[in-house]
Amino acid sequence: MEVHKINTPLILGNKTYKDITDDVTAPIKNKAGKLWWFAFLLSFSAFLAGVGAIVYTISTGIGVWGLNNTVSWAWDITNFVWWIGIGHAGTLISAVLLLFRQKWRLSISRSAEAMTIFAVIQAALFPIIHMGRPWLMHWMFPLPNTYGSLWVNFNSPLLWDVFAISTYFLVSLMFWYVGLIPDFATIRDRAIKPFKKHIYSILSFGWSGKAKHWQRHEEVSLVLAGIATPLVISVHTIVSFDFATSIIPGWHSTIFPPYFVAGAIFSGFAMVQTLIIIMRKVANLKNYITIYHIQMMNKVILVTGSIVGLAYATEIFMAWYSGVELEQYTLINRATGPYWWAYLTMVLFNVLSPQLLWFKNLRSSIVFTFILSIVINIGMWFERFVIIVTSLHRDFLPSSWRMYSPTYVEVLIFIGTLGFFFTLFLLYARTFPIIAQSELKTILKEENSIAKNKQANQSKEIK
Amino acid sequence: MKKDETYIVHGLFNDDDVLINSIKSAQEKGFKVKEVYSPFPIHKLNDVIGLKSTRISYSALISGLVGLLLSVWMIWYMMIFDWPQNIGGKPIASFIKAMPAFVPVIFEIIVLFAVVFMVISYFFKNKLFPGNKKGNPDVRTTDNMFLVEFILNNDTKQIVELLKDTGAVEVKVFNVSDKKEIKFWQKSAEIISLLMIAITIISCNSNAPKRNPADVFMPDMYKSVAYEPYSENSMLKPVLGTIKRGFMPYEIDNTLQGYNNALASLKMPIKQTAFNLKQGKELYNIYCISCHGKNGDGNGKLVLNEKILGIPEYSKTKLPNITEGSIFHVITYGKNMMGSHSSQLTATERWQIVQYVLKLRE
Amino acid sequence: MSVKKYWKAIEDLNEDSVVMNKLRNNEFVEEISTEKFLTDENLKNGSTSRRDFLKYVGFTTAVASLSACDGVVEKAIPYVVKPETITPGIADYYATSIADGHDFASVLVKNREGRPIKIEPNNQAKYFGTTNARIQASILELYDNNRLKFPQQSEFEISWHDADYEIKTALTNKSASGKQIVIVTSSMFSPSTDEVILKFKKKYPTAKHIVYDAVSNSGALNAFEDITGTRALPLYEFDKAKIVVSFGADFLGNWLGGGYEKGYSKGRSLGDEDKADDKAGNKGDAEMLQHYQIESVMSLTGANADFRYAVKPSEQTYALIKLYSLIVGGYDGVGNLKINNTVIDAEVRQMAKKLKSAGDNGLVVTGSNDKNMQILAMQINIALKSKAMNLNKHVHVNKGNDKDIQQLIIAMNSGKVGALLTYNVNMVYSLANSKEFVRGLDKVQLKISMSKFVDETAKLMDFNFPTPHSLESWGDAMPIDGEYALIQPTIKPLYNTRQFQDNLLKWAGVEVDYYSFLKKFWQKNILTKKEGATWNKSLYDGVFSVSTNGNANADYERGLLKINIAYVVKKAVRFWNKTKGTELELYVKLSMGNGVMANNPWLQELPDPITRTSWDNYLTISQKQARELGLKNWNEANGAMNGSLVKLTKGNKTVTVPVFIQPGQAYGSVGLALGYGRKVGVKSEMQTGVNAYKFYKNFAKYSSNIEIEKLEGEHKFACVQLHNTLMDRDIIRETTFDKYKNEDKENWNPTVTVKTEKGKKQVAEVDIWKSSNIEKEAVGHHFNLSIDLTKCTGCASCVVACNAENNVAVVGKEEVRNSRDMHWLRIDRYYSSDMTKDVADENGLSGIGGTAEMYDKMEIASNNPEVVFQPVMCQHCNHAPCETVCPVVATTHGKQGQNQMAYNRCVGTRYCANNCPYKVRRFNWFQYAENDEFDFNLNDDVGRMVLNPDVTVRSRGVMEKCSMCIQITQAGILKAKQEGRKLTDADIQPACASACSYNAIVFGDINQKSSAITKEFNSDRKYYLLEELGTQPNLMYQTKVRNK
């Protein structure tokens, strides 16, 4: 902390409170640029294509996907886990970093949380549409039903998922919203058009900014952070239970919970990088999202990426150490079997590529970071694909060993969720306060003085 | 200025440190700060204006505990009590033994309860809800301005000057003694009662008995693809002359000659046993009694009620010319008013009845 | 007087309304006529692809189902007069027989509300009381919507009355003019039909009856005739043999009419079949038939042999001659042939030695349709005095005479034939020289076809008369001397059909229906042979046997002397003397048979037990030859198998056929299945494969000088098993008879242990739940099922039986390619591989690279592999991994041991299928019932009649699997309760167990000590599949024993 106080201010440009308000509300006040419209139309049409594919799937049957009797899950659950993983970074940034009093989280937490919510929406889509009879999805909840006293099965990891994801979604939403209320109030108070004012006044719940309210606000934020931290870990742990509690070699592994959580943070941070690098450019937030921020996140990526690599190595070690032949075969088959390319992609993208972040100039390069963040997300998608498909396609009885390849419907649905995600994010970027400005204002003075000191030091050095 | 009037004094600052200094000096003068509006939380301020620490986090603790109890009860009720089922051979009789599998859900419910109720109570306490128009007194307090509010019953001059001296950008004085406030609880009471009425109306429309078939949501397997018994087109007759397993056709024809044939030569294939007799009696009491009467005297319920007439009494004296063969023949094919009973009774059952009838004849 | 007027609409009040006038004049609402709709050219031009179609179907279904939320009102309609024999909801059983010219079986037919829904074997029958896959599936043929539904003259409907008149006149004319009237039928061994034909011949003296079998056994029939003077087959009784040497005889498949399953099973039953106590140490007198198979195509029989030699057909001939010379002796060779040079010389010597020492316990059989080969084999048996070949009981299931057919074709071409009546034969399709036949057909004036379908032959005839299915007919049969069987209808004819016999009687001017004729005939000629026999009792039993002595005292050895062996051998060898190039063997698949049932989707989708491929025939080729010719089988990205195409040429006949690389195929030979390539009268989905009858010249099963040329392009197979080897895993336990008999159980069926930090432990010891489990309670019933891998031959009749009992959907070739077959019961087939862990150790393959290489090599099957079959269905685990993971409790464990599926509750997450280590769960990827896209039996009103109303037809999005036939066990329990007695095994036999001709599947209640399953449960051979997982299945397997 002390070091960074001297060296790197989190807010550049010697901003005032008013500057912050102006900068943050600028995208809402101004008209959307061509780039935004282009991106929006692109993602919205992807979204529509996805909706079409989903309607087609539900109306015709899961058979339009490439699944078969042996590989009954593939892209659907891969995408589910991938999106859920991406979602994790948001909560982690705002909750865990809040507990650790990491101030650099402030400029990015809002967007990261938004990303969480949008990603969880995508994730939650897959368990629903992958069902054979999605119109009966309400049966997944413990509701009284026509079968008398037939309830749900609390032994099933899928049911745990239902609870975990809905809890996670609600908690993230509340966390996000509680933080948004004061910022909505700011927009409300600056809005000129009556319609806008009306909307934001509804959204801001009549926030007034009284001292007592602020006190409660801070308390609630802290407690929420405290609760969200174990929650975020529990959610991906539970997602990993889908596999870890089963008996399929390659799934049945006690290392999965930490491995999945690390992977989730890893991919989540990568996605945050992708988004904020674009956003800082488009919304002109270079003074708030600085190279320092990006470097810090790259460090997290490096750490979690190394944990993921360690997890892969542990899997291999355990397969050898346990002496279980089926486990060994699964691992060998992953690397040398028909899906070797997926495994190779996974290792290259997830384990080797983040190691480049040891170099400081790569770590602070925006272009490199951007590319790497995409590479990591591809790699993490393949990780889930490898876990799900290569474990299933060759399990116990060689007679039922099969192969899997996706159909265009599955691909379209995945593209559709990407479209949906970016559609939501683009809408968010134009209508929501994209930086937690009220929180950011609390550190403005301190950061300004750091910036001044730094300047002074620099000029001293020059002299 | 009148003595009993109430004045609100707003002092606007553009720096939080200045604001705090100003408040401090006002407090030294004995003024009590009513409220401070700021665009962001100012930690030092809480001590300065003497805010007690909030207890909102307790609501999380309490509702979390409620969630714990509720989820444990729910899972126990559903898995152990209401319909325990053998799922994968896991223990079904004991919550404790089966509990490891329930931990994730219990944990999630605790978190959900804690968060939801804490946030709700936060909204409640801060009077935050959609549609609440009452915001801050000055729009700039969500931007870069800090506003301190005093409520005074008397002279406001002193405080106005003090604020100005300590760096206030702007000072305003309002006379608010006429204003009426609608209390928050009044508004919420309205909403709640509306909700209650709505719920009552919705829930009224149920328990009446329905005459139409139940509604089916997505009737996936509601109607059998296979032809079911008693459905149209499914009821075929067997081909004449075929013989199924467990059934031997009665080979004597339904003619007068056949009757005589049976009378003369048909003999009982089953043994005279107490069991057969008992069965015969039971069957007789089901199928025959209503016409032939309890004792075979032709005085059954239907005869007594004059629905059917002319049932003979088959005691040895009244009907001497019947044999076991002819009785069986008549039960099988019917005679005169009597219909065939072959589809209701198997051959063995008919013979059992014959045994009982023979006993009644004595 | 006032005239009341009712008006229907406001418009009605307007007297001049055009609309109302029009409506008034048209009493009925005009609908678009179907014809008009179908002939709309625009519709034809529209391109509606499969996916589009699915889309529309799906959307409309979704919309319809969403809007159709109101419950459906279903009316219950009872019988007005209830038939004495029918109780709605209760199944009845009728004893009858299925005789379709290719197969024969005495069966019990399960009926519901007057319609048959399932075929089961008639255990009362001494012979032919077994049902193979085709017999099981023949019930679906009854409900085939493609059947001919009314009599036709040149494709137009005609009444029976008119037809009879015309035909009678024409026949009288022909007979008067001295022209031949020829009746061609498939093999019929019905005494009453012979009588009917006699009557017909009496009326028309120029009439002649010719028997034609598409797949001929003339060779054996002629050989037997040469030896005994009677044209029939000897009765082979495999249970009486101790050593069987088979030269290409697929006697577990289609050899000589089939029906040898029971005998073989008895012979292979390890001698403990009838012993109550099957404990270790009491195996001293255990005996087991030893089976040698010398063949070119891998047949089911070869796959089950103890020793199998892949030898091409020509070498088989030499080997048989060699064996003859070694056993009968006195013969060393002929001409240039040095018979000492057979490729399996040492092995043949070994066999001869064994056969000699076995004496009358030995049996030699051959599958060749060459008379001389059959003579040689029969002679060896006679020389051995084999008990297993009964020359005195004659078998009549095959009667076809190749010579007669060839003469008929000549006669037709020369214009001597005035009328041709065919019944149940499809000569245009199945004759190798079908072109000549068609040419001759032009010269026949009166052509009458009597058939169930308008097939290739019927299409060319003047009159097409529909005949009823076996299950709609009356009839009788005498498959074996003194063994009679009756056929009674189990349903009223569905269509306007008339039996062959009725037709002949009518045309012969005998005014009596065939039923009365049959009954009278039996009462006069057959029932008199036995004291106290009645028609009703025989019909009740379905079978009737009379003890006959036959001609037991005949001395065939002397008769044999008349046969010139040197000449026989010369003839046998001559065929091969000019042999060059590749040799072709034509074989018959268990599923398709001779091709009459090509329109049967159950059979089309039934995977071949050996190749595990459905919906096709193909050229089987050895691995080595495929490599030489650059032929390949490969998998697409989704695993679907593709193969190269070749041009197969023999003389002037060619065909384009896909190749299937078959381990165990003799190098230098190829195999092709008959019965495929039907085009006429068969739905487009089922027009699969190529017609191999083209190459069936002179009914020779083998031919030589085959040329194979690789073509461009590829063929799409529907193969359900992509992986053929065991990967050295402990899935199938196998031992030798010697070990089984003499060694401790732990040596050949060791207890499964799990490695733990505290050393090896038994599975039960590492279970986290101690013995407090409810499934251990011995209260009530607890059902278990045992599968004996020694007895199971992989014949797949259980698969079809399961289809029929449980309404399992047919999904079509495309979906099978997508690995979405629905069979609840599959029969895994594994080949041995040259690479094992021991071999890897020897070769020093270790480390990650070495292990990877080892696994790579393990995937390749040996050139002549040992084959094992393993039926796998739901294992009904007590600790089922699938149950735990279902979020909605759609699958739970029943108190009687079943793993139950509540279809209604299933939402289709498929987690259970993923977590099932046996991969036995099947998912409804689409709506398979009542969906035009899957145009099989579930999609038409007639086809749906076969459905078992006790089993729900699963809808889209629902998981399904083997239920251990819970509908049967529940009905059985109820029945026993109603009758106030204890449950017996017979009450509760699931479809697979009752269909198993080999008694390999045993089912029962392990809480009943008297149950047959108890013995299996306590058997030393018992093991559980993947026991180390701790799933505690209720299914057990019995270690396979090979007599080596």
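Residues numbered from 1 in each chain as written. Chains lettered and ligands numbered in written order. Predicted model: local features only at pLDDT ≥ 70, side-chain atom pairs only at ≥ 80, totals over all residues. Heavy atoms only, no water.

K.L.:
How would you summarise the interface of chain B and chain C if you had to cite specific residues and measurements?
P.N.:
If you look at the interface, chain B gives 48 residues, while chain C gives 72 residues. Here chain B packs against chain C, burying approximately 5400 Å² in sum over the two surfaces, 61% of which is carbon and sulfur. Considering only the surface of chain B that becomes buried against chain C, Met221, Tyr227 and Arg245 of chain B emerge as the three largest contributors, covering 16% of it. Applying the counting rule to chain B against chain C returns two salt bridges. The closest approach of N and O atoms between Lys244 of chain B and Asp92 of chain C, which form a salt bridge, is 2.7 Å. Class assignment for the residues of the side of chain B that touches chain C results in 25 nonpolar, 11 polar and 12 charged. (Contact = heavy atoms within 4.5 Å. Buried area = accessible area lost by both parts, 1.4 Å probe. Salt bridge = Lys/Arg side-chain N within 4 Å of Asp/Glu carboxyl O. Nonpolar A, V, L, I, M, F, W, Y, C, P; charged D, E, K, R; others polar.)

K.L.:
An account of the packing of aromatic side chains is requested, with residue identities and associated values reported.
P.N.:
The way to describe two aromatic rings as a pair is by their centre distance and the angle between their planes. A full pass over the atoms with the stated rule returns 104 aromatic pairs over all chains. Ring centres of Tyr259 of chain A and Tyr312 of chain A lie 5.7 Å apart, and the angle between their planes is 75°; on these two criteria the pair is classed as edge-to-face. Linking Tyr259 of chain A in helix H9 (residues 256-282) with Tyr312 of chain A in helix H10 (residues 291-322), this pair joins segments that are 53 residues apart in sequence. Accessibility assignment for this pair places Tyr259 of chain A and Tyr312 of chain A in one class, buried. The interplanar angle of 40° and the centroid separation of 5.6 Å between the aromatic rings of Phe926 of chain C and Phe934 of chain C together place this pair among those described as tilted. With relative accessibility at 3%, the residue Phe934 of chain C sits in the buried group. Cation over ring: Arg430 of chain A sits above Trp36 of chain A, and NZ or CZ is 5.7 Å from the ring centre. Stacked on the ring of Tyr831 of chain C, the Lys or Arg Arg829 of chain C has its end atom at 4.1 Å from the ring centre. (Phe/Tyr/Trp six-rings, centres within 6.5 Å; stacked < 30°, edge-to-face > 60°. Helix = DSSP H or I, 4+ residues; strand = E, 2+ residues; numbered from the N terminus. Buried < 20%, exposed > 50% of the residue type's maximum accessible area, 1.4 Å probe, protein only. Lys NZ or Arg CZ within 6 Å of the ring centre and 35° of its normal.)

K.L.:
I'd like a description of the packing of H9 of chain A against H10 of chain A, backed by residues and values.
P.N.:
Residues and elements named next belong to chain A. The interhelical angle for the contact between H9 and H10, taken along N-to-C directions, is 150°, at an axis separation of 9 Å. Accordingly, the angle class assigned to the pair H9 and H10 is roughly antiparallel. Two packed elements cross with a definite hand, and for H9 against H10 that hand is left-handed. Taken together, the residues of the contact of H9 with H10 break down into 19 nonpolar, five polar and two charged. (Axes fitted to C-alpha atoms, helices over the stretch in contact; angles between N-to-C directions. Parallel < 35°, antiparallel > 145°, perpendicular 65-115°, else oblique. Left-handed = near helix turned anticlockwise from the far one by under 90°.)

K.L.:
Tell me about the sheet that holds strand E1 (residues 92-99) of chain C, residues and numbers included.
P.N.:
Residue and element names in this part refer to chain C. A sheet is described by the order of its strands in space; here three strands give the open sequence E1-E2-E3, paired in antiparallel fashion. In the strand order of this sheet, the two ends are held by E1 and strand E3 (115-121), each with one partner. Within this sheet the neighbouring strands show an average axis-to-axis angle of 35°, counted without direction. Bridge count between strand E2 (residues 104-112) and E3: six bridges; the pairing is antiparallel. (Pairing = 2+ DSSP bridges.)

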